[in-house]
Amino acid sequence: MQGLEGSRELGAGRPATQRRLVFEHTVEGLFRFSLRSRLSSQAWNGLRAVGIDLSKPLLPAYSDETWRRALELTVVDLYPLLPREEGWRRLGQEVVHGMVHTVLGRAMVGVARLLGPLRSLRRLNNTLRSADNYVESRLTELSPTSCEVWINEVMGQPSYYQGIVEACIALAGGQRARARVVAREGTGARLHVEWEE
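Throughout what follows, the structure given in this document is the object of discussion. Just so it is clear, the structure is predicted and the values come from calculations on it, not from any experiment.

### A word on the overall build of the chain
Part 1 of the argument: For the chain, the count of helices and strands is eight helices and six strands.
Part 2 of the argument: The helix and strand sequence of the chain, counted from the amino end, reads β-α-α-β-α-α-α-α-α-β-β-α-β-β.
Part 3 of the argument: Judged by the C-alpha coordinates and their principal axes, the chain covers about 45 × 40 × 35 Å.
Part 4 of the argument: Counting over 197 residues, the chain shows a buried share of 51%.
Part 5 of the argument: Of the accessible surface of the chain, which amounts to about 9800 Å², a share of 50% is contributed by carbon and sulfur atoms.
Part 6 of the argument: When the 26 positive and 22 negative side-chain charges of the chain are each reduced to one mean point, those points stand 3 Å apart.

Dropping the structure here:
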């Protein structure tokens, strides 16, 4: 895995040189399952150019830069007529919808449905950490159907994580889930999340 760059320190006990990686099943879920027949040929060529060649076996992990560039070209290709934030929110939902078709994702969905929305959100940090090795979250419960979620890294696109959180709540049985950005904090953001039982 040449060319992967180190990241700044994420927390106590983590080396500043840890490479920021997005795992194979995350890439597989989005591009092989969720968006398999929906991207243009130009987008597939663009993915190959940034380092994700879906005509070959996937690598075990990809750099965060490769992932970010792949997502950027995907948003432009899939949602050219939507406001940028809405396109990113929908792409976040697509990542979750694709992950449910992977082996790890199927197991996580089963657990989420048993736990329900709030208890599933208590495990959001584990869920996010299963997709990559650098995104972390913290939850502050406000009521049985609302909470605040802090995410340390949102790639400059907090609406992408709005979509991820909304889709996770829906998979756990929550109705009409809505996440909104409360604040941007450095590379991260805080979201207010609410849903109906």
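Picking up after the structure, the text goes on.
### Focus on the pattern of salt bridges
Part 1 of the argument: Summed over all chains, the structure comprises 16 salt bridges.
Part 2 of the argument: Its salt-bridge partner being D64, residue R68 comes within 3.9 Å of it at the nearest N-O pair. Of the two residues, R68 and D64 both sit in helix α3 (residues 64-78), four residues apart, roughly one turn of that helix.
Part 3 of the argument: R68 sits in the buried class, given a relative accessible area of 19%.
Part 4 of the argument: With relative accessibility at 10%, the residue D64 sits in the buried group.
Part 5 of the argument: Across the pair R89 and E166 runs a salt bridge, and its minimum N-O distance is 2.8 Å. Of this pair, R89 sits in helix α4 (residues 84-99) while E166 sits in helix α8 (residues 158-171); the two residues are 77 residues apart in sequence, bridging distant segments of the chain. An identical accessibility class is assigned to R89 and E166; each is buried.
Part 6 of the argument: Overlapping salt bridges bring together R20, D64, E65, R68 and E153 as one network.

Parameters and conventions
- Residues numbered from 1 in each chain as written.
- Predicted model: local features only at pLDDT ≥ 70, side-chain atom pairs only at ≥ 80, totals over all residues.
- Heavy atoms only, no water.
- Helix = DSSP H or I, 4+ residues; strand = E, 2+ residues; numbered from the N terminus.
- Buried < 20%, exposed > 50% of the residue type's maximum accessible area, 1.4 Å probe, protein only.
- Areas by Shrake-Rupley, 256 points an atom, 1.4 Å probe, with all protein chains shown as cover.
- Lys, Arg positive; Asp, Glu negative; His and termini not counted.
- Charge placed at Lys NZ, Arg CZ, Asp CG, Glu CD.
- Salt bridge = Lys/Arg side-chain N within 4 Å of Asp/Glu carboxyl O.

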